[in-house]
Structures are given as C-alpha cells and as structure tokens.
Amino acid sequence: LQRVADAPPPPRSEQPENSVRFVTSLVHDLVDSCVHRVDMANLTQLALHQINRPSGGSELFWHDMVTMCGLGMFKPLDGSQQDVREGYIVAFATLASLVKVANGHVRKMQNGELVPRDVATKLLSLELILQYIKSYRPTTTGNASTPNPA
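Summary of the structure given here. (Residues numbered from 1 in each chain as written. Predicted model: local features only at pLDDT ≥ 70, side-chain atom pairs only at ≥ 80, totals over all residues. Heavy atoms only, no water.)

Description of the environment of Leu77
Moving on, step 1. If you trace the backbone, Leu77 turns up in the loop between helix H2 (59-73) and helix H3 (82-103).
Moving on, step 2. With relative accessibility at 34%, the residue Leu77 sits in the partly exposed group. (Helix = DSSP H or I, 4+ residues; strand = E, 2+ residues; numbered from the N terminus. Buried < 20%, exposed > 50% of the residue type's maximum accessible area, 1.4 Å probe, protein only.)

Let's talk about the packing of aromatic side chains
Moving on, step 1. Applying the stated criterion across every chain, the model contains three aromatic pairs.
Moving on, step 2. Judged by centre distance (5.7 Å) and plane angle (35°), the ring pair of Phe74 and Tyr88 falls under tilted. Of this pair, Phe74 sits in the loop between H2 and H3 while Tyr88 sits in helix H3, placing them 14 residues apart in sequence.
Moving on, step 3. Plain terms: the ring middles of Phe74 and Phe92 are 6.2 Å apart, the flat faces sit at 65° to each other, and that makes the pair edge-to-face. Placement of the pair is Phe74 in the loop between H2 and H3 and Phe92 in helix H3, with a sequence separation of 18 residues.
Moving on, step 4. On the basis of relative accessibility, which here comes to 18%, the residue Phe92 falls in the buried class.
Moving on, step 5. An aromatic cluster is defined as three or more aromatic residues linked by ring pairs; in this entry it consists of Phe74, Tyr88 and Phe92. (Phe/Tyr/Trp six-rings, centres within 6.5 Å; stacked < 30°, edge-to-face > 60°.)

Some remarks on the side chain of Asp64
Moving on, step 1. Structurally, the position occupied by Asp64 is in helix H2.
Moving on, step 2. Of the side chains with opposite charge, Arg53 comes closest to the buried, unpaired Asp64, at an N-O distance of 5.5 Å.
Moving on, step 3. Filtering out sequence-adjacent residues up to four positions away, Asp64 remains in contact with Leu46, Gln50, Cys69 and Gly70. (Lys, Arg positive; Asp, Glu negative; His and termini not counted. Salt bridge = Lys/Arg side-chain N within 4 Å of Asp/Glu carboxyl O. Contact = heavy atoms within 4.5 Å.)

Quick look at the side chain of Asp118
Moving on, step 1. Structurally, Asp118 is set in helix H4 (residues 116-135).
Moving on, step 2. Classification of Asp118 as buried rests on a relative accessible area of 13%.
Moving on, step 3. Other than its neighbours up to four places away in sequence, Asp118 contacts His105, Val106 and Arg107.

What follows is the structure in structure tokens.
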C-alpha cells in the first residue's frame with residue numbers, strides 16, 4: 001500500500017467546481033430565505049405595533065401600512081403584474097385598518113352612553129372583516145387564494 005501522502009493528487013475536473021457552485025448557491029439561497037423571514041417578522045411586528053397604537057387612523061398609520069409594511073411584504077413583481085402588487089398593498093392596508101378599528105375601544109359620553117359613531121364604526125369593521133373571511137376562505141379544491149363566492 002502506498003501512503004496517502006505519496007499518492008498523486010487527483011486529476012482536476014469540473015466535478016469539484018460544480019459541487020462548490022452548488023453548495024455556494026445553496027448557502028446563498030438559505031441566507032436569503034433567513035433574511036426574508038427576519039424582514040417579514042420585523043414588518044409584521046411594525047404592523048401590529050401600529051394597529052395596537054391608541055391613536056386613530058392617522059396619516060402615520062396609513063403611511064406605515066403602505067410604504068413600510070406593504071412595500072416590504074409584497075416584493076416587486078414583473079412589470080405586467082405591478083397592478084396586482086399594488087392591489088395586495090392596498091388590501092393589506094385596508095384590512096389592517098379594519099382590524100385596528102375593530103380592536104379599538106368604544107368611547108363613552110358624559111352620560112355613560114356609548115358614542116354612536118364608535119359603535120357603528122366598530123360594527124361596520126367587524127362586518128367587513130367577516131365578509132372578507134367568508135369570501136376568501138378555502139374552497140373545496142383547497143386553493144386558499146381563490147375567492148369563494150358566498
């Protein structure tokens with residue numbers, strides 16, 4: 001038997017280079033996926049923070065929902081689907097606003113009665129959220145993204 005140190009080096013081939021490219025690509029994809037998850041968690045946390053803030057539907061809320069969260073969560077699509085992306089962002093911001101209103105407190109007047117506008121707004125928000133859930137629940141085929149005409 002020859003000692004390993006005395007053995008000639010293996011002939012250089014493309015096999016190891018392909019393996020290195022494959023592993024490098026795999027690591028890059030894994031890192032990109034992890035960074036995306038962290039970004040989504042941060043954006044979700046920002047959205048929840050804005051929803052739970054005691055202020056009303058201010059310009060800051062809408063700005064954060066559309067520009068910070070919406071643009072970050074819904075990455076650019078190819079040019080032909082830009083309208084779809086913008087629709088997702090508007091739908092996300094609208095649903096976040098509905099959740100914020102439905103989750104908020106109902107004020108009381110000095111005589112102890114609830115403020116009618118707050119009650120009506122909360123009921124409308126809850127009704128719209130219920131309609132959204134009914135419309136977009138999974139169909140019998142299992143495709144959750146297809147609207148289900150109720």
